[in-house]
Protein chains: 4
Amino acid sequence: MLKTPVIVLNVKTYAEATGNSALEIAVTMDKIAKETGAGMAIAVQATDITTCAEKVHIPVFAEHIDPITPGSHTGWTLPEAVKAAGAVGTLINHSEHRLKLADIDVCITRAKKLGLDHIICSNNVSTSKAIAAFSPNFVAVEPPELIGGDISVTSADPDIVSNSVSAVKNIDNNVKVLCGAGVKNGKDVAKAIELGAEGVLLASGVVKAKDKESVLRDLASCL
Amino acid sequence: MLKTPVIVLNVKTYAEATGNSALEIAVTMDKIAKETGAGMAIAVQATDITTCAEKVHIPVFAEHIDPITPGSHTGWTLPEAVKAAGAVGTLINHSEHRLKLADIDVCITRAKKLGLDHIICSNNVSTSKAIAAFSPNFVAVEPPELIGGDISVTSADPDIVSNSVSAVKNIDNNVKVLCGAGVKNGKDVAKAIELGAEGVLLASGVVKAKDKESVLRDLASCL
Amino acid sequence: MLKTPVIVLNVKTYAEATGNSALEIAVTMDKIAKETGAGMAIAVQATDITTCAEKVHIPVFAEHIDPITPGSHTGWTLPEAVKAAGAVGTLINHSEHRLKLADIDVCITRAKKLGLDHIICSNNVSTSKAIAAFSPNFVAVEPPELIGGDISVTSADPDIVSNSVSAVKNIDNNVKVLCGAGVKNGKDVAKAIELGAEGVLLASGVVKAKDKESVLRDLASCL
Amino acid sequence: MLKTPVIVLNVKTYAEATGNSALEIAVTMDKIAKETGAGMAIAVQATDITTCAEKVHIPVFAEHIDPITPGSHTGWTLPEAVKAAGAVGTLINHSEHRLKLADIDVCITRAKKLGLDHIICSNNVSTSKAIAAFSPNFVAVEPPELIGGDISVTSADPDIVSNSVSAVKNIDNNVKVLCGAGVKNGKDVAKAIELGAEGVLLASGVVKAKDKESVLRDLASCL
């Protein structure tokens, strides 16, 4: 399982993080992780898993898996396929890719069976609590209205983080909580950890930055 | 654009066609295509595009693209990403991955803009005709009830093929028609072409065969 | 089939058009239609069909049907059910309720079989043309970005109306075209008809108006 | 809230339970409930709520609500609309109409705010537990593979009922549990209650029965 505290970068489908550009970011994170010892992971598009997983030592995640087993499912994301490509984990139920409740259950069961680490995204305290009932590795709470914005969830709505932590731990003390949405710098990371989270999930704060490396170094410095 | 007549193999998410197994099939097709001059293409899972595209000369297709542009679309399939990975084309609206009408329109527009070859799947004469209105490269008609079955569409329902061809050509004479569902051998390919199709789309007939190479050689021999 | 030219009001799920408020609007339209002879129809929520159909003579439409036959489909909208409730027609594929291509095909087939009048919504010239291939009663073109806005499609993008009319008639001359999005007054109706449409589909322009009756009278006066 | 123990009949979109036929079943249940004092409720199609709610005293439920507030949502099921039509409650997340996790959260919140009783369907112990985290009125556990079948969940998989009861009560002792799938007679009802459920949710066992009244009387006799 991911070493915590951890910074998980989700590169989404940004132009700045597709193909070679995804690999460049992964390589930068790998370098910083090696130098600083900070816990770091990167979630990339399915098409970029093989190349990233070959070239870096930090954990490479898929951004999504579908609730399927091998068979006739043209164009869907098979958990076995992301594992074969080199992913060691996956995001599930990201705010931009929400799943039906029964499908979250299937995805978590499949990830556990295949030994894929899994971060299940939630949008508030109630859904964090519901997800904890499945005993996943991680719940990552991200208020959708703050995703991609300028204010970190840790400043805009610190209670959603601390309340998610206590609600989740109340259901299953082994489940770890990450937080995300608007996270941009080391200060946000430090606050996240102070609120009880064991790391952050972020995207645009790094991917859209002019100097990705210095943002990543700042984030890592506050773990 | 794909050279026709053509055999397009969709490997779906079969265990027998994930990771290295997908690559093995692609390499076999590549060898046969080179030896025989037959038109062949393979559609693989997003995770397998890079490796297949690096190793073979036949066209590698994605099995699906989503109707998106670069941006915040965690876990969806970006047309630019499958192109960057080496795909030269894509299936769209496969029976196992149907899209909303407006999204088919967007996917075709995006594929054209990026220079991705595109095969739009339909399920009957009416939907073949509707899809032709978008002037795609290919329409592939596949009656869902025959997919994965033992009887080829060319025997079970030859009219759906010939009527799709005439309906499509009536709307736009430049659109080429493929057919699929239950296609398993060279005789089926020959019949498809006799019915006016310019090739076949198939999956289990090859992927589930014990001796994939001899099935592929038989298919190629009747183009 | 709807008498044309026609004004079709879609009351959506507005608070101002739920339950008794939907009935009040239907009664007002009924009165104006009787007095002026204008062609008018109202599409209401499934829950309001029975009451409206009992009380008014103008055609009452459903806002949507699902691509199902009677059976195990908890909570979906059965075409037979809207007909039993008194609807004589239905909208299909509204911009706020888009359907998969194959499902539009099923919905149209089911509507035809049950004798339900049907208006299929499209979002541009290409999708209008594709829908025409199914030979429905009506195609209603509505650019989504103008829906609910202040500028009528007939002013903001008259070409989308006239080009949809010619594209649709080219495929099937019997299919009638409506247009919508931002339509608010009689002038917009007159322009729609001048552009070749046989009526308009509108919603907020009436439902959100302080004086619904005078807006409706103005619309009717320009048919 | 529903008086328990309770028999909740979901009439789905069966031909035998559309329009007048839905009303006839509701009237029969109403008569039996009055005579026997048994707790009974009926969930009907949106189109049939008004008529049923006017004519019977037993609680009338919607089969589904969508996670929306009043506004521009053409053809979706507005919670306010089912309430205005006379429903006092609703099913949510039925196996034939599954919702995204975040949408279940919204639907429950909306139902609570409007004072609509709500039964959230689950498919196994894990999802029952997750749903309990939202503190709904009821969780109804129904293994999808047994729905519509000949063997009652209470015989085929009694553990799923008793384990759901304990998992749910562990999360929130106020949440009541129903069970369903294959329930057909009074013996099944008695067993459900013995397993800790406070009632049953059923459909085809009544709707498809030749003599609906005697099946309903048998069910009621074992509450």
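Residues numbered from 1 in each chain as written. Chains lettered and ligands numbered in written order. Predicted model: local features only at pLDDT ≥ 70, side-chain atom pairs only at ≥ 80, totals over all residues. Heavy atoms only, no water.

## Quick word on the overall build of chain A
What counts, and what does not: Numbering goes from the N terminus for both helices and strands, where a helix is a DSSP run of H or I of at least four residues and a strand is a run of E of at least two. The reference for a compact globule is 2.2 Å times residues^0.38; the radius of gyration itself is calculated from the C-alpha atoms. Buried means the residue's accessible area, taken with a 1.4 Å probe over protein chains only, is under 20% of the maximum for its type, while exposed means over 50%, and partly exposed covers the values in between. The contact rule is simple, with two residues in contact once any of their heavy atoms fall within 4.5 Å. In this description, accessible areas are obtained by the Shrake-Rupley approach with a 1.4 Å probe, and a residue is regarded as covered only by the protein chains that are shown.
Along its length, chain A carries 10 helices and 8 strands. Whereas a compact globule of 223 residues would reach a radius of gyration of roughly 17 Å, chain A reaches 16 Å, a difference of no more than 12%. Considered along the principal axes of its C-alpha atoms, chain A spans approximately 45 × 40 × 30 Å. By residue count, 62% of the 223 residues in chain A fall in the buried class. For chain A, the share of sequence-separated contacts (at least 6 apart) that also reach a separation of at least 24 residues comes to 67%. Element-wise, carbon and sulfur atoms account for 48% of the exposed surface of chain A, whose accessible area totals about 7600 Å².

## Focus: the packing of helix α5 (residues 125-132) of chain D against helix α7 (residues 158-171) of chain D
All names here are of chain D. Here is the rule: For helices, the axis comes from a line fit to the C-alpha atoms of the stretch in contact; other axes are also lines fit to C-alpha atoms, and the angle between any two N-to-C directions lies between 0 and 180 degrees. Comment on the angle field: the value is read as roughly parallel under 35 degrees, roughly antiparallel over 145, roughly perpendicular from 65 to 115, and oblique elsewhere. For a crossing to be left-handed, the near helix must be turned anticlockwise from the far one by less than a right angle; the clockwise case is right-handed. For this scheme, ten residues count as nonpolar: Ala, Val, Leu, Ile, Met, Phe, Trp, Tyr, Cys and Pro. Four count as charged, namely Asp, Glu, Lys and Arg, and the remainder, Gly too, count as polar.
Relative to each other, α5 and α7 sit at 25°, their axes nearing to 8 Å. By the angle between their directions, the pair α5 and α7 is classed as roughly parallel. Between α5 and α7 lies a crossing whose hand is right-handed. In this structure, α5 contributes V125, S128, K129 and A132 to the contact, and α7 contributes I160, N163, S164, A167, V168 and I171. For the contact of α5 with α7, the class distribution of residues is 6 nonpolar, 3 polar and 1 charged.

## What to know about the sheet that holds strand β5 (residues 117-122) of chain D
All names here are of chain D. Where we set the bar: DSSP bridges decide pairing: two strands pair if at least two such bridges lie between them.
Ordered by their spatial adjacency, 8 strands build a closed barrel running β1-β2-β3-β4-β5-β6-β7-β8, and the pairing between neighbours is parallel. Within the sheet, the average angular offset between the axes of one strand and its neighbour, ignoring direction, is 25°. As judged from the 4 bridges shared by strand β6 (residues 138-141) and strand β7 (residues 176-180), these two strands associate in the parallel manner. Note on β7: the bridge partner recorded for F138 is K176.

## Topic: the sheet that holds strand β3 (residues 60-62) of chain A
Sheet strands line up and pair through hydrogen bonds in the backbone, either parallel or antiparallel. All names here are of chain A. The strand order around the closed barrel formed by 8 strands is β1-β2-β3-β4-β5-β6-β7-β8, and the pairing between neighbours is parallel. Taken pair by pair, the neighbouring strands of this sheet meet at an average axis angle of 25°, ignoring direction. In the sheet, strand β1 (residues 6-10) pairs with strand β8 (residues 199-202) via 4 bridges, with the strands oriented parallel. Bridge pairing in β8 links V6 to G199. Those strands touched by helix α5 (residues 125-132) are β5 (117-122) and β6 (138-141), and its axis lies near 150° from that of β5.

## Overview of the confidence of the model for chain A
Here is the rule: Note on scores: pLDDT gives the predictor's confidence for each residue, bounded by 0 and 100.
Counting all residues, the mean pLDDT for chain A is 97, and 100% of those residues have values of 70 or more. Across the interfaces of the predicted complex, the ipTM metric reaches 0.97, alongside a pTM of 0.97.

## Some remarks on the relation of the copies chain D and chain A
What counts is decided by this rule: Least-squares fitting of one copy onto the other uses the C-alpha atoms of those residues that reach a pLDDT of at least 70 in both copies.
In the superposition of chain D on chain A (RMSD 0.0 Å, axial shift 0.0 Å), the rotation amounts to 180°. Seen this way, the second copy is the image of the first under a two-fold rotation axis. Across chain D, the smallest distance between a C-alpha and the rotation axis is recorded for K100 of chain D, namely 1.8 Å.

## Considerations on the environment of A181 of chain A
Residue and element names in this part refer to chain A. Summarising the element assignment, A181 is placed in the loop between β7 (176-180) and α8 (186-194). According to the relative accessible area criterion, A181 is buried, its value standing at 4%. C-alpha of A181 to C-alpha of K3: the two residues are 178 residues apart in sequence and 21 Å apart in space. If we skip the residues at most four places from it in the chain, A181 touches E142, P143, L146, I147, I151, S152, V153 and L201.

## Regarding the side chain of T28 of chain B
All names here are of chain B. By the secondary structure assignment, T28 is in helix α1 (residues 20-36). Given the relative accessible area of 18%, T28 is considered buried. Apart from residues lying up to four places away in sequence, T28 is in contact with E213 and L216.

## Thoughts on the interface of chain D and chain A
In plain terms, the rule: Using a 1.4 Å probe, buried area is obtained as the accessible area two parts lose upon being combined, added over both of them. Here a salt bridge means any side-chain nitrogen of Lys or Arg lying within 4 Å of a carboxyl oxygen belonging to Asp or Glu. Between N or O atoms, a polar contact is any pair within 3.5 Å; within protein, one atom must be a potential hydrogen donor and the other a potential acceptor, and residues adjacent in sequence are included only when both atoms are from side chains.
Listed per partner, the contact involves 18 residues of chain D and 18 residues of chain A. Here chain D packs against chain A, burying approximately 1500 Å² in sum over the two surfaces, 69% of which is carbon and sulfur. The largest contributions to the chain D side of the interface with chain A come from R98, K100 and L101 of chain D, which together make up 32% of the buried area. Counting every contact that joins chain D to chain A gives 0 salt bridges. If you look at where chain D meets chain A, you find 4 residue pairs in polar contact (both at pLDDT 80 or more). Listing elements by their share of the side of chain D that touches chain A, those giving two or more residues are α4 (101-114) and α5 of chain D.

## Section: a positive patch on the surface
Threshold: Only residues whose relative accessible area exceeds 30% and that take part in no salt bridge are eligible for patches, with like-charged residues grouped when within 9 Å of each other and nonpolar side chains (Val, Leu, Ile, Met, Phe, Trp, Tyr) grouped when within 5 Å. Positive residues here are Lys and Arg, negative ones are Asp and Glu, while His and the chain termini are left out of the count. A charged residue contributes its charge at one atom only: NZ of Lys, CZ of Arg, CG of Asp or CD of Glu.
Judged by side-chain charge, K100 of chain A, K100 of chain B, K100 of chain C together with K100 of chain D come together as a positively charged surface patch. Here K100 of chain C shows up in the loop between β4 (89-92) and α4 (101-114). A relative accessible area of 36% means that K100 of chain C is categorised as partly exposed.

## Overview of the packing of helix α1 (residues 20-36) of chain C against helix α10 (residues 212-221) of chain C
Residues and elements named next belong to chain C. Interaxial distance between α1 and α10 falls to 10 Å at its minimum, and their mutual angle equals 35°. The interaxial crossing formed by α1 with α10 has right-handed handedness. When α1 is examined against α10, the residues I25, T28, M29, K31, I32, E35 and T36 are found in contact with a partner set consisting of K212, E213, L216, R217 and A220. Its residues assigned to classes, the contact of α1 with α10 shows 5 nonpolar, 2 polar and 5 charged.

## Remarks on the interface of chain A and chain B
It is common to give the size of an interface as the accessible area lost on bringing the parts into contact. Of the residues lining the interface, 34 residues belong to chain A; the matching set on chain B comes to 34 residues. Counting across the chain A and chain B interface gives 0 salt bridges. Contributions of two or more residues to the side of chain A that touches chain B are made by α2 (49-55) and α3 (79-84) of chain A. Here the element with the most residues in the side of chain A that touches chain B is α3 of chain A; it accounts for 4 residues. Its residues placed into classes, the side of chain A that touches chain B shows 13 nonpolar, 17 polar and 4 charged.

## Re the relation of the copies chain A and chain B
Mapping chain A onto chain B calls for a rotation angle of 180° and an axial translation of 0.0 Å; the resulting RMSD is 0.0 Å. Counting the interface residues of chain A, we find that 100% of their copies in chain B are interface residues as well, pointing to one common contact surface.

## Overview of unusual backbone geometry
Put simply, T4 of chain A and P5 of chain A share a cis peptide bond, and its omega is 0°. If you trace the backbone, P5 of chain A turns up in the segment before β1. If you check the backbone angles, K12 of chain B has positive phi at about 55° while not being a glycine. Locating K12 of chain B in the fold gives a position in the loop between β1 (6-10) and α1. Among the residues examined, K12 of chain B registers a relative accessible area of 3% and is labelled buried.

## A closer look at the pairing of β7 of chain A
All names here are of chain A. This is how it is decided: For crossovers, right-handed means that the path from the first strand over the helix to the second runs clockwise, given strands pointing away from the viewer.
Counting buried residues in β7 gives 5 out of 5 residues, a clear majority hidden from the surface. Because side chains alternate across β7, one face comprises the buried residues K176, L178 and G180, and the other comprises V177 and C179, equally buried. Note: β7 against β8, 2 bridges, orientation parallel. Within β8, the residue paired with C179 across the bridge is V200. For the crossover that starts at β7, traverses α8 and ends in the parallel β8, the hand is right-handed.

## Focus on the environment of V27 of chain A
All names here are of chain A. Assignment of secondary structure puts V27 in helix α1 (residues 20-36). Exposure remark for V27: the relative accessible area of 42% places this residue in the partly exposed category. When the C-alpha atoms of V27 and A209 are compared, they prove to be 16 Å apart, with 182 residues separating the residues in sequence.

## Here's the deal with helix α10 (residues 212-221) of chain B
Residues and elements named next belong to chain B. Quick note on the threshold: Picture the helix axis, draw a direction to every C-beta atom, and the arc is the one those directions span.
When α10 is considered as a whole, its buried residues turn out to be V215, L216, L219 and A220. The arc enclosing the buried residues of α10, seen along the axis, measures out at 135°, which places them on a common side. On its buried face, α10 is in contact with β1, α1, β2 (39-44), α8 (186-194), β8 (199-202) and α9 (204-207).

## Quick notes on the environment of N174 of chain A
Note on placement: N174 of chain A falls in the loop between α7 (158-171) and β7. Separated by 38 residues in the primary sequence, N174 of chain A and P136 of chain A have C-alpha atoms spaced 8.6 Å apart.

## A look at the pattern of salt bridges
One pass over the full model with this rule turns up 28 salt bridges over all chains. Note that E16 of chain D and K208 of chain D form a salt bridge whose closest N and O atoms lie 3.1 Å from each other. Residue E16 of chain D is found in the loop between β1 (6-10) and α1 (20-36), and its partner K208 of chain D is found in the loop between α9 (204-207) and α10 (212-221); the two are separated by 192 residues along the sequence. Three or more residues joined by partner-sharing salt bridges are found here, namely K31, E35, E213 and R217 of chain A.

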